[in-house]
Amino acid sequence: MKILFLTYHGFDPGSGISKKMLAQVKGLREAGHEVHICSYDKDASGHHCRFVDDVVIQDYGQGKWGSLRQRLQMGCVVDYCVREGIELVYARSFMNASPVLIRLFAAFRQHGILSVTEIPTFPYDQEFDSLPIKHKVNLFVDKLFRKQLAAHTDAMVTFSEAEEIFGQRTINISNGVDLDSIPLHQRVDTSKEIHLIAVAEVHPWHGLDRLIAGLGEYYEKVKGLKGEKVIEVFFHVVGDVWDSEMYGTRLAPGFAPIIQKYGIGDKVVFHGKLFGKALDDVFSQCAFAVGSLARHRSGITHLKTLKNREYASRGIPFIYSECDSDFDNQPYVLKAPADESPVDIQCIVDFIRTYDFEPSAIRQTVEHLSWKNQMQQVIEGLKVEELKVEN
């Protein structure tokens, strides 16, 4: 099948989202499909441009006028699809439903081109609660038009268990993994100290404040212990941490006050955004990883996050609080309660020291979650629907 992978922004080599999209494209190609990437970015001279495979298909010009034009003029995408014989458009939602996109997807259907839209997180409305007013305005517009937009697609792709989104049927898949790009973890000595790691662009729903509070309580409890009875625990946070997370919002307490309260400034390490060897070097110190601990703050109970799959691909045990059917019953996973209680660090320490987890064995449990397999499920889901229509 000839596919156009449509995104409404550019690619950042340090972005987990960009890496995920490129891995999805790779998976489709490994499944035997011809895939081209359509994106929007600025060129070297500062012009706002829409690209397909790094070739400009429309130059919108410079400045605010160029930025506005790219939002309003997307006919070049339809022209490209018709000219090049594209059979399917796979779009990644940017929570940006609008009359322009409705016309775009209606045109795909008019020309007999199938289309699906991937919803990265569902539901997502609550995730805007902590964002500036500009983003809330964008969400308001999205709410006005998303059902109409969904009606012009052939399916919504979701990593949730929802059977319908915005009135449109869903194709349910898991977030996938690209094992070729993820190094296998090596076990570390945990006899005297244990290092934990969380990798994320930190938001309230990650709930890392729960882990930090649990770390503080852990050190309060072991104050009177000496010698071998005390296992030092350190927490490494890799990724951007905004002031809202460091100092708190109405959605979540800030990291800084908790760290100050318990005097654990030397136990929590903020590395900022890392990738490649720098990220691997931090992982090499760690015995356990931390996933999302507060998806309930966004009203989400079931989710298949990319981060859980990346941890398992590395072969490192981890903790999370949502329901994830791919991992809920795995022996190398700890489940935290989906509430506001501090995480029990002693439980993590006991878990790590009790079980003998072989990284290669953990990795084997996610081999079926390759992006090749997951993206092919989208294609098969569309074929099944076509057969239903024919019959």
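Check the entry above for the structure.
What comes next concerns the included structure. (Residues numbered from 1 in each chain as written. Predicted model: local features only at pLDDT ≥ 70, side-chain atom pairs only at ≥ 80, totals over all residues. Heavy atoms only, no water.)

1. Considerations on the overall build of the protein chain
Part 1: Scanning the protein chain for helices and strands turns up 13 helices and 15 strands.
Part 2: The C-alpha radius of gyration of the protein chain comes to 23 Å, within 12% of the 21 Å expected for a compact globule of 391 residues.
Part 3: Counting only C-alpha atoms, the protein chain reaches 75 × 45 × 40 Å along its principal axes.
Part 4: Counting only residues that meet the buried cut, the protein chain has 52% of its 391 residues in that class.
Part 5: When contacts within the protein chain are restricted to residue pairs at least 6 apart in sequence, long-range pairs at least 24 apart make up 70% of them.
Part 6: Total accessible area on the protein chain is roughly 18,000 Å²; 53% of this is exposed by carbon and sulfur atoms.
Part 7: Here the protein chain holds 44 positive side-chain charges and 52 negative ones, and the gap between their average locations is 3 Å. (Helix = DSSP H or I, 4+ residues; strand = E, 2+ residues; numbered from the N terminus. Rg over C-alpha atoms; globule rule 2.2 N^0.38 Å. Buried < 20%, exposed > 50% of the residue type's maximum accessible area, 1.4 Å probe, protein only. Contact = heavy atoms within 4.5 Å. Areas by Shrake-Rupley, 256 points an atom, 1.4 Å probe, with all protein chains shown as cover. Lys, Arg positive; Asp, Glu negative; His and termini not counted. Charge placed at Lys NZ, Arg CZ, Asp CG, Glu CD.)

2. Observations regarding the sheet that holds strand S13 (residues 288–290)
Part 1: Pairing is parallel in the open sheet, where six strands are placed in the order S12-S11-S10-S13-S14-S15. Strand pairing shows two members of the sheet lacking a second neighbour, strand S12 (268–272) and strand S15 (333–335), which therefore form its edges. Each neighbouring strand pair of the sheet contributes to a mean axis angle of 25°, computed without reference to strand direction. (Pairing = 2+ DSSP bridges. Axes fitted to C-alpha atoms, helices over the stretch in contact; angles between N-to-C directions.)

3. Some details on the nonpolar core
Part 1: In terms of nonpolar packing, the biggest core is built from 59 residues, with Phe235 and Ile348 touching the most fellow members.
Part 2: The dominant element in this core, judged by the number of residues it contributes, is helix H6 (residues 208–221), at seven residues.
Part 3: Ranked by size, the runner-up nonpolar core spans 25 residues in total, among them Cys38, Tyr80, Ile86 and Ile113. (Core = buried A, V, L, I, M, F, W, Y, C linked by side-chain atoms within 4.5 Å.)

4. Remarks on the packing of helix H3 (residues 75–84) against helix H4 (residues 99–110)
Part 1: Their axes nearest at 9 Å, the elements H3 and H4 cross at an angle of 15°. Taken together, the axes of H3 and H4 lie roughly parallel to each other. Along this stretch, H3 crosses H4, giving a crossing that reads as right-handed. Within the contact between the two elements, H3 uses Val77, Val78 and Cys81 and H4 uses Leu104, Ala107 and Phe108.
Part 2: Split into classes, the residues belonging to the contact of H3 with H4 amount to six nonpolar, no polar and no charged. (Parallel < 35°, antiparallel > 145°, perpendicular 65-115°, else oblique. Left-handed = near helix turned anticlockwise from the far one by under 90°. Nonpolar A, V, L, I, M, F, W, Y, C, P; charged D, E, K, R; others polar.)

5. Quick word on the sheet that holds strand S2 (residues 34–42)
Part 1: Pairing is mixed across the open sheet formed by nine strands, whose spatial order is S4-S3-S2-S1-S5-S6-S7-S9-S8. Each edge of the sheet is formed by a strand with only one pairing partner; in this case those strands are strand S4 (55–61) and strand S8 (164–165).
Part 2: Across three bridges, the pairing between strand S7 (residues 155–158) and strand S9 (residues 168–172) is parallel. Within S9, the position partnered with Val157 by the bridge is Ile171.
Part 3: Sheet contacts for helix H1 (residues 16–30): strand S1 (2–6), S2, strand S5 (88–92) and strand S6 (114–119); angle to S2, the most-contacted strand, approximately 160°.
Part 4: Lying on the sheet, H4 is in contact with S1, S5 and S6; it crosses S6 at an angle near 140°.

6. A short note on the pattern of salt bridges
Part 1: Applying the stated criterion across every chain, the model contains 26 salt bridges.
Part 2: When the shortest N-O distance is used, the salt bridge between Arg83 and Glu84 registers 3.6 Å.
Part 3: With relative accessibility at 32%, the residue Glu84 sits in the partly exposed group.
Part 4: For Asp328, the salt bridge goes to Lys335, with nearest N and O atoms at 3.3 Å.
Part 5: Salt bridges linked by common partners bring Asp125, Asp142, Lys143 and Arg146 together as one network. (Salt bridge = Lys/Arg side-chain N within 4 Å of Asp/Glu carboxyl O.)

7. Regarding the packing of aromatic side chains
Two measures describe an aromatic ring pair: the distance that separates the ring centres and the angle between the ring planes.
Part 1: In total, this model carries 17 aromatic pairs according to the counting rule given.
Part 2: On the numbers, 6.1 Å between centres and 15° between planes, the contact of Phe255 with Phe270 is stacked. One end of the pair, Phe255, is in helix H8 (residues 255–262); the other, Phe270, is in strand S12, with 15 residues separating them in the sequence.
Part 3: Residue classification places Phe255 among the buried residues on the basis of a relative accessible area of 2%.
Part 4: With a centroid separation of 6.4 Å and an interplanar angle of 70°, the aromatic rings of Phe327 and Tyr332 are classed as edge-to-face.
Part 5: With a relative accessible area of 3%, Tyr332 lands in the buried category.
Part 6: Site record: aromatic cluster; members linked through ring pairs are Phe283, Tyr311, Phe318, Tyr320, Phe327 and Tyr332.
Part 7: If you follow Arg314 out to its NZ or CZ, it ends over the ring of Phe283, 4.0 Å from the centre. (Phe/Tyr/Trp six-rings, centres within 6.5 Å; stacked < 30°, edge-to-face > 60°. Lys NZ or Arg CZ within 6 Å of the ring centre and 35° of its normal.)

8. Description of unusual backbone geometry
Part 1: Cis geometry is adopted by the peptide bond preceding Pro123, which originates at Phe122 and carries an omega value of -5°.
Part 2: Relative to the assigned elements, Pro123 resides in the loop between S6 and helix H5 (133–151).
Part 3: One non-glycine residue, Asp53, lies in positive phi territory at about 50°.
Part 4: Within the secondary structure, Asp53 is located in the loop between strand S3 (48–52) and S4.
Part 5: Judged by its relative accessible area of 34%, Asp53 is partly exposed.
Part 6: A positive phi angle, close to 50°, is found at Met95, a residue other than glycine.
Part 7: Mapping Met95 onto the fold places it in the loop between S5 and H4.
Part 8: Judged by its relative accessible area of 24%, Met95 is partly exposed.

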